[in-house]
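Structural description and commentary
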Amino acid sequence: MQINGKMIHGVSSWKPPTSTYEALAAAVQENITPQNDDSVKFGMDGATSGGDGSIIHTYCPDEGYPPLLEALKTKLQTENGLHNPHVMVTSGANQAFVNCVLTLLDENDEQGNISKCVVFEPYYFNHVMAVQSVRGGQGCGGTAATLDAKNVEGLLVGPTSQGIPDLNWLRTQLEQNKYKEGGNAIRMITLVNPGNPTGVSLPYSFLKQITELTKEYGVWLVMDNTYEHFDIDKMNTIPSSSDIDEQQRPDYPCFDEEHVINIFSFSKGYAMAGFRVGYIALSSKNGSNGRGTKAYEEMLKVQDTIAICTSRLSQMAALGALQAGREWVYDQVKTLDVGREAILDAISSLDETIGGNGAMYVMGKLPDGTGDKEFASSLIEHYGVAVIPGSFCGLPGWIRVCYSNLPPDKCKVAAARLKKGIDELTMPSPSSQEEPLSDDKLINLAKDFIQYKNAAGKGDSSLDSVFAMCSSSVDLYGLKGEEVRPGFISFFEKHEGLHHDFIDEPSIVSSNVVQYPFTKQWRVDGEDKVWKSIDTSKPRDKVERLYFDDKGKLQKVTVVEKDAPL
Ligand SMILES: Cc1ncc(COP(=O)(O)O)c(C=O)c1O
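Presented here is a report on the structure given in the accompanying data block. Just so it is clear, the structure is predicted and the values come from calculations on it, not from any experiment. (Residues numbered from 1 in each chain as written. Predicted model: local features only at pLDDT ≥ 70, side-chain atom pairs only at ≥ 80, totals over all residues. Heavy atoms only, no water.)

**Here's the deal with the overall build of the protein chain**
For clarity, the threshold we go by: To qualify as a helix, a DSSP run of H or I must reach at least 4 residues; to qualify as a strand, a run of E must reach at least 2; elements of each kind are numbered from the N terminus. The contact criterion used is simple: two residues touch if any of their non-hydrogen atoms lie within 4.5 Å. Each accessible area value is a Shrake-Rupley result obtained with a 1.4 Å probe; residue values ignore everything except the protein chains displayed when judging cover. Only four residue types enter the charge count, namely Lys and Arg as positive and Asp and Glu as negative; His and the chain termini do not. By convention, the point assigned to a charge is CZ for Arg, NZ for Lys, CD for Glu and CG for Asp.
A tally of regular secondary structure across the protein chain gives 15 helices and 25 strands. Its C-alpha atoms give the protein chain principal-axis dimensions of roughly 85 × 60 × 50 Å. Of the contacts made within the protein chain by residues no fewer than 6 positions apart, 69% connect residues no fewer than 24 positions apart. As displayed, the protein chain offers around 25500 Å² of accessible surface, 49% of which is attributable to carbon and sulfur atoms. Each charge class in the protein chain was averaged separately, 53 positive and 75 negative side chains, and the resulting centres sit 3 Å apart.

Encoded structure:
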């Protein structure tokens, strides 16, 4: 997803460990001068010696490059406490999630119903888009391809408090969706920890509870652990009261249960986003009868259909990266402290904030009435700093700020810009506490607006004087933010010689709101056109209505029924 042409995924400010490139270089070198030409024959078996599985131009097994799979199994055991899981390497954690959606969600479950999926608000937008893309109607293939999670068939959006999902709500949903005959219309619960966009790390006790709750109802729990290395305050830690020996406690414990699917990524901790490597771990408990094994076998079909296998070269690079180890990643994550503090300070004037103890994000609530999309656009345009609007994650009126994209010094500069932007764009300006505009001033502003448009229509001037009248959050005939300028210019291009006249003098209808009936004339292919906002033959009784702020900047322009509510 992009905003103003920029990718909006959080990225890490460091580079992958040197061992990544050493592994790459060695693999490439070996393929330029193969030791053993027979290796080509063995491309699919993935063997590491003899047949030389390091050849890079062929497919490797669907589930992954065998040496990497082995290394991941060791990592999953020691760092996550998952014993001998089925592992599948994917093109990033995003593909891993799509694999889960395609494997677990049915159009028709055993009762003939669409199987349901739960996400919590604010959600990671790609999770919603993944479910949206496999559903009809409001899905990506339908006509209303917007990111509105509430309109995606079979997607339940659960509430959170301070970034922590509401387990009471979840229990109620699980109860209501339970089939008498056994089973549940809810098939999978999705959780991101540490959270994107929340920036909140969920405590171990919470993770244990949701694992038990989902087990009780027999539904899948899909855990997206993309930010496993970014649990800043070590919230996900096995308590000291546990009987697991301290030395044996995994750094970032995951639950070794048949119904839990764990997703991981090389994109953030190892900063390998462009290599596109993630992986899924499914439980192998109960052997071929186990839920994890069965799902894994189904998932292999999805994998073979989408990617066949993740790029062999990228998997080799990931194997190299793993050699640097968890401590290397922690050293990099530590460098985020400075930027995080600066960003937390920058958003501290907002009434509510969440996050800062996990992943690479914090969120802040804008003052009531401030549009998050318009705010984000203005920040880019006027302050040169990007945040994403909470609307993209189901939380309008909020923004998500990523503090890991830049090294500490640059992040401090970005934080200063953000602070300035927040101060100037959200604080009531001194003049807004002053008197509303006088009637004369309002009427003159309306006349200016018409006059500037007419001058532009005649070709005497550009539309810049019109734009200069607009506030940064103007809604100009439904055009907002970055759409305003190109949308308005294109309208004028299509309406050659556009000219407006008042049918009646402007009248004041409320504080800072003025309206008037009008005619407009223009030409299309040499033919003159006229449109009147009052036309008794239609019947039509409309006006153009202008809303100003106290500084005299246009906030909204719209054509409405004369008596439309304000
Ligand atoms: C929660 C979450 N999952 C998955 C991803 C994508 O990870 P990958 O690059 O491994 O596909 C992101 C990236 O921002 C993320 O925030």
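**Considering the nonpolar core**
To keep it simple, the criterion reads: Nonpolar cores were defined as sets of buried Ala, Val, Leu, Ile, Met, Phe, Trp, Tyr and Cys residues, with membership established by side-chain atoms within 4.5 Å. For every residue, the accessible area (1.4 Å probe, protein chains only) is compared with the maximum for its type, and the residue is labelled buried under 20%, exposed over 50%, or partly exposed between those bounds.
Grouped together as the largest cluster of nonpolar side chains are 60 residues, with contacts concentrated most on Phe 266 and Leu 418. Residue contacts for Phe 266: discarding those within four places in its chain leaves Leu 68, Leu 72, Ala 271, Met 272, Ala 273, Val 277, Gly 278, Tyr 279, Ala 318 and Leu 322. Among the nonpolar cores identified, the runner-up in size contains 28 residues, and Cys 100, Leu 104, Val 157 and Ala 295 belong to it.

**Some words on the site of the ligand**
What counts here: If a single non-hydrogen atom of a residue is within 4 Å of a molecule or strand, that residue counts as near it. Here a polar contact is recorded for every N or O atom pair within 3.5 Å, except that within protein the pair must consist of a potential hydrogen donor and a potential acceptor, and residues adjacent in sequence are included only if both atoms are side-chain atoms. Throughout this entry, Asp, Glu, Lys and Arg are counted as charged residues, while Ala, Val, Leu, Ile, Met, Phe, Trp, Tyr, Cys and Pro are counted as nonpolar. The remaining residues, Gly among them, count as polar.
In the neighbourhood of the ligand, 14 residues make up the surrounding shell, with Ala 93, Asn 196, Tyr 227, Ser 265 and Ser 267 lying closest. In the model, an oxygen atom of the ligand is placed 2.7 Å from a nitrogen or oxygen of the Arg 276 side chain. Here the shell around the ligand gets three residues from one element, more than from any other, and that element is helix α3 (residues 92-104). Its residues placed into classes, the shell around the ligand shows four nonpolar, seven polar and three charged.

**With respect to the sheet that holds strand β14 (residues 388-389)**
Here is the rule we go by: Here, any two strands with at least 2 DSSP bridges between them count as paired.
An order of β12-β13-β15-β14 is seen for the four strands of this open sheet, with the pairing classed as antiparallel. This sheet does not close on itself; its edge strands, each paired only once, are β12 (353-355) and β14. The pairing of β14 with strand β15 (residues 398-402) spans two bridges and is antiparallel. Bridged to Ile 388 within β15 is Arg 400.

**Some words on the side chain of Asn 357**
Examined against the element boundaries, Asn 357 turns out to sit in the loop between β12 and β13 (361-365). For Asn 357, the residues in contact, after removing those within four places along its chain, are Gly 199, Val 200, Ser 201, Phe 230, Asp 231, Ile 232, Asp 233 and Met 235.

**Digging into helix α15 (residues 484-494)**
So the rule is basically this: Here the arc refers to the directions that run from the helix axis out to each C-beta atom.
Every buried residue belonging to α15 is among Val 484, Phe 488 and Phe 492, and all of these are buried. Seen along its axis, α15 keeps its buried residues to an arc of 55°; they face one direction. When the buried face of α15 is taken as reference, the exposed residues oriented beyond 90 degrees from it are Glu 493 and Lys 494. Where α15 is buried, its residues meet α13 (439-458), α14 (464-468), β16 (470-476), β17 (479-480) and β18 (496-502).

**A word on the packing of helix α11 (residues 372-383) against helix α12 (residues 408-426)**
Inclusion rule: A fitted line through C-alpha atoms serves as each axis, taken over the contacting stretch for helices, and the angle formed by two N-to-C directions is quoted from 0 to 180°. With respect to orientation, any angle under 35 degrees is reported as roughly parallel, any angle over 145 as roughly antiparallel, any angle of 65 to 115 as roughly perpendicular, and every other angle as oblique. Here is the rule for handedness: rotate from the far helix to the near one, and if that takes an anticlockwise turn smaller than a right angle the crossing is left-handed, while a clockwise turn gives right-handed.
One way to put it is that α11 packs onto α12 with a least axis distance of 10 Å and a crossing angle of 120°. Viewed along their axes, α11 and α12 adopt a mutual orientation that is oblique. Between α11 and α12 lies a crossing of right-handed hand. Two secondary-structure elements touch here, α11 through Phe 375, Ser 378, Leu 379 and Tyr 383 and α12 through Arg 417, Leu 418, Lys 420, Gly 421, Ile 422, Glu 424, Leu 425 and Thr 426.

**Re the packing of aromatic side chains**
Definition in use: To pair, rings of Phe, Tyr and Trp, with the six-membered ring standing in for Trp, must have centres within 6.5 Å; the planes then decide the type, stacked if under 30 degrees apart, edge-to-face if over 60, and tilted in the middle. A ring is considered to have a charge above it if a Lys NZ or an Arg CZ atom is located within 6 Å of its centre and within 35 degrees of its normal.
One pass over the full model with this rule turns up 18 aromatic pairs. Ring centres of Phe 488 and Phe 492 lie 5.3 Å apart, and the angle between their planes is 50°; this geometry places the pair in the tilted category. Of this pair, Phe 488 and Phe 492 both sit in helix α15, separated by four residues, roughly a single helical turn. Judged by its relative accessible area of 3%, Phe 488 falls in the buried class. Positioned above the aromatic ring of Trp 522, the side-chain terminus of Lys 520 is 5.3 Å from the ring centre.

**Concerning unusual backbone geometry**
Backbone torsion omega between Asn 193 and Pro 194 reads -20°, so that peptide bond is classified as cis. Tracing the backbone through its elements, the reader meets Pro 194 in the loop between β8 (186-192) and α6 (204-217). For the bond running from Lys 538 to Pro 539, omega is -10°, close enough to zero to count as cis. Of note, Pro 539 is situated in the loop between β23 (534-535) and β24 (540-548). Although it is not a glycine, Ile 308 sits at a positive phi angle of roughly 65°. Counting through the fold element by element, Ile 308 comes out in the loop between α7 (291-306) and α8 (312-322). In this model, Ala 359 sits at a positive phi of 55°, which is unusual for a non-glycine residue. Along the chain, the position of Ala 359 falls in the loop between β12 and β13. Here Ala 359 falls in the buried class, since its relative accessible area comes to 0%.

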